[in-house]
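Topology and contacts: notes
Listed below, chain by chain, are the residues.
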Amino acid sequence: MDLACTPEEEEFRARLREWLSRVLPTLPPKPSPDDWPGRRAYDLGWQRRLYDAGYADVHWDASPTMRLIFLEETEKAGAPYVGAGFVGLLHAGPTIAAEGTAEQRARWLPPILCGDEVWCQGFSEPDAGSDLAALRTRARKDGDHYVVSGSKIWTSHAEVADWCELLVRTDPEAPKHRGISWLAMPMDAPGVTVRPLRTLVGSAEFAEVFLDEVRVPVANRVGDENDGWRVTMVTLSFERGTAFVGEVVACRRVLRELAVEARRSGRWDDPGLRLRLGRLNAEFRALWRLTQWNVSEAELTGGVPGVGGSVFKLRYSHARQELYDAAADVLGPDCLDLDRPWTLDRLSSLSYTIAAGTSQIQRNIVAERILGLPKGR
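What comes next concerns the included structure. Just so we're clear, the structure is a prediction, and the values are computed from it rather than from any experiment.

A word on the overall build of the protein chain. The secondary structure content of the protein chain amounts to 11 helices and eight strands. Pairs at least 24 apart in sequence give 72% of the contacts found in the protein chain among residues at least 6 apart. Here the protein chain displays about 17,600 Å² of accessible surface, and carbon together with sulfur accounts for 53% of that area.

What follows is the structure in structure tokens.
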């Protein structure tokens, strides 16, 4: 498979680099991690700059290769991450673009692209995390609305979101994978209660969401009723296929910085550490090539990443944890200092084997859908 970029793609890369070099020095200071209204304004302000420059729709309308170049170059340049726009730009937006009606695309995609609206993800529940299809949030139809009751947990950016990509059970009698629907729920609807959750690193980008007889228009359903599991697989393919691309680039940068720090501190004299960093370098180079392969495959299948995204997600989650364990070895006793680089990253890396589908779930997907192994009984 040819993984080289075309002249058009290289021209896009050069143009993007030049724009980033001009714009990044003009950005305002980043707000405090605990200032979520400020973070929302900062993240959406960056999205507006991308929109005005013609780069906002790269996640949807550009080819997967262009998308890969965009994520690579913005990370290398130290550009702001999508932040509060993560769910809208990388999950809900691509799903609506792929599965929504013309009216739904016209309503929801422009505000995401220009930085006017934030989305959150209402998938996991207290008793339906890894087994997502076991969700129990109910939605009964009442005229031209669904009436939704239940709760969600680990709802990303719920405290500053305008909309929620919400999975609900619309047919409790159907087999659990067949009675689910995908709804777009306004977060200001009566009956929605948000309670932030504080993570191990002290941040609160997740929340519990409680739904008490919330009315959601039937017109807000993406896909057919009870076909939400298939639509969800589209969402998750984006989440596992391309949403972590920028983070692979960031991990490769961190690896180079670790080598510099190890030489400075004298830890480089440890042959075991050098071997460890060398293996991680090979690991992340391989993950980058796998990303390029997945993107090339997506170009052949209409832009939706395939199950290869689960291979990537599985290995990347563990490689990231190994990277920051190596960072702790480089730092030595300083790895307990929360003000040192990489310390908080090490704590947050622990969640990666759970977020976006646990490693156990990814292994099942790889075994059943790629290797063709029988399902467990």
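Following the structure, the description resumes.
It is worth spelling out the pattern of salt bridges at this point. Following the criterion strictly, the structure yields 25 salt bridges and no others. A salt bridge links Arg-15 to Glu-11, with the shortest nitrogen-to-oxygen separation between them at 3.2 Å. One end of the pair is Arg-15 and the other is Glu-11, both in helix α1 (residues 7–23) and four residues apart, which spans about a single turn. The exposure class assigned to Glu-11 is partly exposed, which follows from its relative accessible area of 42%. In this structure, Glu-125 engages Lys-152 in a salt bridge whose closest nitrogen and oxygen atoms are separated by 2.9 Å. On the criterion of sequence distance, the pair formed by Glu-125 in the loop between β1 (119–122) and β2 (138–142) and Lys-152 in strand β3 (residues 145–152) is long-range, its members being 27 residues apart. Across the pair, Lys-152 and Glu-125 agree in class, each one buried.

On to the side chain of Glu-125, then. Exposure remark for Glu-125: the relative accessible area of 7% places this residue in the buried category. A distance of 2.8 Å separates a polar atom in the side chain of Glu-125 from the backbone nitrogen of Arg-136. Among the polar contacts made by the side chain of Glu-125, one reaches the side chain of Lys-152 at a distance of 2.9 Å.

Okay, the packing of α1 against helix α3 (residues 64–76) next. The interhelical angle for the contact between α1 and α3, taken along N-to-C directions, is 30°, at an axis separation of 10 Å. With respect to α3, the element α1 is oriented roughly parallel. The crossing of α1 and α3 is right-handed. Contacts between α1 and α3 involve Glu-8, Glu-9, Phe-12, Arg-13, Leu-16, Arg-17 and Leu-20 on the former and, on the latter, Thr-65, Met-66, Ile-69, Phe-70, Glu-72, Glu-73 and Thr-74. Here the contact of α1 with α3 is composed, by residue class, of six nonpolar, two polar and six charged.

What counts, and at which threshold
Residues numbered from 1 in each chain as written. Predicted model: local features only at pLDDT ≥ 70, side-chain atom pairs only at ≥ 80, totals over all residues. Heavy atoms only, no water. Helix = DSSP H or I, 4+ residues; strand = E, 2+ residues; numbered from the N terminus. Contact = heavy atoms within 4.5 Å. Areas by Shrake-Rupley, 256 points an atom, 1.4 Å probe, with all protein chains shown as cover. Salt bridge = Lys/Arg side-chain N within 4 Å of Asp/Glu carboxyl O. Buried < 20%, exposed > 50% of the residue type's maximum accessible area, 1.4 Å probe, protein only. Polar contact = N/O pair within 3.5 Å; in protein donor to acceptor, adjacent residues only side chain to side chain. Axes fitted to C-alpha atoms, helices over the stretch in contact; angles between N-to-C directions. Parallel < 35°, antiparallel > 145°, perpendicular 65-115°, else oblique. Left-handed = near helix turned anticlockwise from the far one by under 90°. Nonpolar A, V, L, I, M, F, W, Y, C, P; charged D, E, K, R; others polar.

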